[in-house]
Amino acid sequence: MAKEKPKEEKSSFDAVPWSCTDMKLLLISLFSLCSLATMFQFFPSTSGFSTTAITSCFSKLASVSSNLSSSPPEVHPLREEQLGSDSVVRRAFNPVGSAAYLFVQMGAYRGGSNNFAIVGLASKPLHVFAKPQFWCEWQPHGGPGGDSNSTFASGYRILPDWGYGRVYTVVVVNCTFPVDVGLDGSGGQLVIHATTGGGGDRAVQTEERFVAVEEAPGSVNASAFSAPPKFDYLYCGSSLYGDLSPQRIREWMAYHARLFGERSHFVFHDAGGVHPGVMEVLRPWVEKGIVTVQDIREQERFDGYYHNQFLVVNDCLHRYKFMAKWIFFFDVDEFIYLAPKTNLDSLLASLSPYTQFTIEQMPMSGKLCRSIDHGKTARMWGIEKLVYRDVKRGVRRDRKYAIQPRSAFATGVHMSQNVAGRSLHKTDGRIKYYHYHGTIAARRDPCEEFVNATAVTYDGTPYVLDETLRRVAGAVRRFEHKMIGSRLARTRQ
């Protein structure tokens with residue numbers, strides 16, 4: 001499949017036909033500008049000329065010259081309709097180009113001695129209306145080569161995004177070979193054969209082959225598949241995007257680092273939301289080895305659902321499959337809370353017979369604050385001042401969840417439908433999450449209404465006073481100071 005060309009800015013030069021004379025004039029102009037740029041390097045800065053601006057101008061003109069000299073795109077010949085001997089007009093259909101890539105790989109990981117998971121995007125119409133297939137081939141290094149030295153298996157495809165995909169849908173390809181592969185220390189590579197299955201054009205069965213995994217000799221340690229994991233708890237965050245509040249991220253990070261404890265790790269995925277202010281908040285935790293930030297902004301090229309969050313969580317599941325006992329999936333405007341006299345270790349030990357459990361939501365107002373806090377809220381943390389909980393009945397609330405990753409094949413945003421083992425959806429109030437919807441991207445004090453009541457109806461929704469997280473805010477502040485000092489004390493909203 002031809003590689004998609006990146007979009008280019010159009011300029012006033014694009015619509016102008018260029019002759020040889022024009023090209024000569026352009027080259028003379030470029031030479032003159034180059035000379036000027038060199039000369040202005042010796043001018044004092046007070047002259048009003050900017051060397052940077054001139055260099056930038058020169059670069060743009062050079063780019064125009066390059067575009068003009070590049071080959072024009074291929075012109076596809078037209079197949080005309082024909083009049084048959086039976087007087088029937090046979091119309092012609094002229095396909096041009098490709099609408100979507102056959103597969104866009106994000107990651108590929110071992111799931112065991114004979115198993116791999118390949119996580120990526122693929123054309124949604126192709127996977128919904130056609131029958132594309134994947135074949136897996138393990139090619140060991142150092143052998144005689146050829147198919148006779150390879151091991152083959154059919155790839156089982158999982159579509160975990162519940163039909164939410166757009167141009168692209170998320171595909172997890174599971175490759176399970178009949179025998180162990182790559183454990184003899186020779187190394188090798190996993191090659192995926194992807195076919196269209198008659199999708200797009202039923203007259204053409206297109207196949208693409210690509211290397212999904214490359215393993216150097218001696219790089220696989222089979223004991224890692226059964227060894228105790230490095231972390232007890234790992235957080236897999238969805239795509240972070242938009243103009244996020246550094247202060248809200250600061251609060252969330254300190255709160256959950258305290259809750260999850262020393263044997264935990266947090267993975268954030270930057271889809272454009274980790275701007276310098278947010279990175280400044282995360283950096284102390286990165287330096288302590290508690291946080292990993294992954295730049296996934298390139299995924300915006302591919303039109304999937306909600307910044308490709310289903311893709312991101314599935315990649316995180318398989319990437320850290322053998323590094324944690326439990327992986328948690330929830331968002332940065334949500335705070336996990338345990339019932340009094342409950343700690344995370346004892347709770348999850350009691351839930352170990354289950355592969356996953358879901359967590360009940362406590363929706364909080366992002367606007368209502370207490371009258372006694374008026375004039376002080378600018379200095380208060382969000383969990384201190386936003387203390388009114390939505391108690392409207394008959395509303396279906398989304399849940400978040402935690403999963404034992406070694407028993408999961410794929411996952412979703414609110415739960416997994418591809419696990420081995422049981423799922424639990426009633427935890428009897430032992431674990432909940434407080435959801436401050438709409439506050440994570442508010443770069444201001446969220447308090448809009450101040451209330452002096454234990455119950456109030458606002459915009460048709462009933463709320464009650466709930467100071468559960470307010471009561472732990474002081475302990476979270478002290479924990480943050482103990483861990484990273486006062487370097488975030490001046491964090492802005």
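As annotated in an unreviewed UniProt entry, the protein chain carries the name Glycosyltransferase family 92 protein and comes from Musa acuminata subsp. malaccensis. Quoted verbatim from the Subcellular location (unreviewed entry) field of the UniProt record, the comment on the protein chain reads "Membrane".

From N to C terminus, the protein chain includes nine helices and 25 strands. In the protein chain, buried positions account for 44% of the 493 residues. A sequence separation of at least 24 residues applies to 76% of the contacts in the protein chain between residues at least 6 apart. Taken as a whole, the protein chain presents about 26,600 Å² of accessible surface, with 53% of it coming from carbon and sulfur.

Turning to the pattern of salt bridges, a few remarks are in order. This structure, assessed with the given rule, holds 23 salt bridges. For R110, the salt bridge goes to E215, with nearest N and O atoms at 2.6 Å. Here E215 lies in strand 9 (residues 207-215) and R110 lies in strand 3 (residues 104-110), a separation of 105 residues in the sequence. Look at R110 and you get buried, because its relative accessible area is 12%. In this structure, R470 engages E467 in a salt bridge whose closest nitrogen and oxygen atoms are separated by 3.5 Å.

Taken as a whole and assessed by the stated rule, the structure comprises 31 aromatic pairs. Relative to F210, the ring of F103 lies with its centre 5.6 Å away and its plane at 15°, an arrangement referred to as stacked. Of this pair, F103 sits in the loop between strand 2 (89-90) and strand 3 while F210 sits in strand 9, placing them 107 residues apart in sequence. The exposure class of F103 is buried, given its relative accessible area of 13%. Measuring from ring centre to ring centre gives 6.0 Å for Y337 and Y434, while their planes differ by 85°; the resulting arrangement is edge-to-face. Residue Y337 is found in strand 14 (residues 334-338), and its partner Y434 is found in strand 22 (residues 431-435); the two are separated by 97 residues along the sequence. The structure contains a cluster of three or more aromatic residues connected by ring pairs, namely Y233, Y235, W252, F260, F266, F268, W326, F328, F330 and F357.

Below, the discussion takes up unusual backbone geometry. One non-glycine residue, Y306, lies in the positive phi region at around 50°. Note on placement: Y306 falls in the loop between strand 12 (291-295) and helix 6 (309-319). Notably, N308 is not glycine yet its phi reads approximately 55°, a positive angle. Tracing the chain through its elements places N308 in the loop between strand 12 and helix 6. The exposure class assigned to N308 is buried, which follows from its relative accessible area of 2%.

Another aspect to go through is helix 9 (residues 473-484). In a regular helix each residue adds 1.5 Å, so twelve residues correspond to 16 Å; helix 9 covers 17 Å between its end C-alpha atoms and thus fits that length. Of all the positions in helix 9, only A473, A475, V476, F479, E480 and I484 are classed as buried. In an axial view of helix 9, the angular spread of the buried residues amounts to 155°, which keeps them on one side of the axis. Away from the buried face of helix 9 by more than 90 degrees, exposed residues R478, H481 and K482 are located.

Spatially, 17-25-24 is the arrangement adopted by the three strands of the open sheet, whose pairing is antiparallel. Each end of this open sheet is capped by a strand with a single partner; those strands are strand 17 (388-390) and strand 24 (455-458). Adjacent strand axes in the sheet meet at a mean angle of 35°, parallel and antiparallel pairs treated alike. Sheet analysis places strand 24 next to strand 25 (residues 461-465), joined by four bridges and oriented antiparallel. Within the sheet, the bridge partner assigned to Y458 lies in strand 25 and is T461.

Following the criterion strictly, the structure yields three disulfides and no others. Through a disulfide, C236 is tied to C316; the S-S separation comes to 2.0 Å. Measuring handedness by torsion sign, the sulfur bridge of C236 and C316 sits at about -80° and is left-handed. Note that C236 is positioned in strand 10 (residues 231-240) and C316 in helix 6, a separation of 80 residues in sequence. Relative accessible area serves as the criterion here: at 1%, C236 is assigned to the buried category. When the bonded cysteines of the protein chain are numbered from the N-terminus onward, they pair as 1-2, 3-4, 5-6.

Left-over empty space is what a probe sized like a water molecule reveals as it rolls over the atoms. For the coordinates displayed, the defined rule picks out two cavities of 30 Å³ or more. Approximately 70 Å³ is the volume attributed to the largest cavity. For the largest cavity, the full set of lining residues is R248, E251, V332, D333, F335, G382, I383, L386, Y436, T439 and I440. Quantified by volume, the second largest cavity comes out at close to 40 Å³. Residue classes in the lining of the second largest cavity are distributed as five nonpolar, one polar and two charged.

Rules behind the numbers
Residues numbered from 1 in each chain as written. Predicted model: local features only at pLDDT ≥ 70, side-chain atom pairs only at ≥ 80, totals over all residues. Heavy atoms only, no water. UniProt positions renumbered as here; feature names shortened; annotations may be inferred. Helix = DSSP H or I, 4+ residues; strand = E, 2+ residues; numbered from the N terminus. Buried < 20%, exposed > 50% of the residue type's maximum accessible area, 1.4 Å probe, protein only. Contact = heavy atoms within 4.5 Å. Areas by Shrake-Rupley, 256 points an atom, 1.4 Å probe, with all protein chains shown as cover. Salt bridge = Lys/Arg side-chain N within 4 Å of Asp/Glu carboxyl O. Phe/Tyr/Trp six-rings, centres within 6.5 Å; stacked < 30°, edge-to-face > 60°. Expected span 1.5 Å × (residues − 1). Arc of directions from axis to C-beta. Pairing = 2+ DSSP bridges. Axes fitted to C-alpha atoms, helices over the stretch in contact; angles between N-to-C directions. Disulfide = S-S within 2.5 Å. 1 Å grid on protein atoms, 1.4 Å probe; cavity = no way out; pocket = protein on both sides within 12 Å on 5 of 7 lines; lining within 4 Å. Points joined across faces, edges and corners; volume = space filled by probe spheres on them. Nonpolar A, V, L, I, M, F, W, Y, C, P; charged D, E, K, R; others polar.

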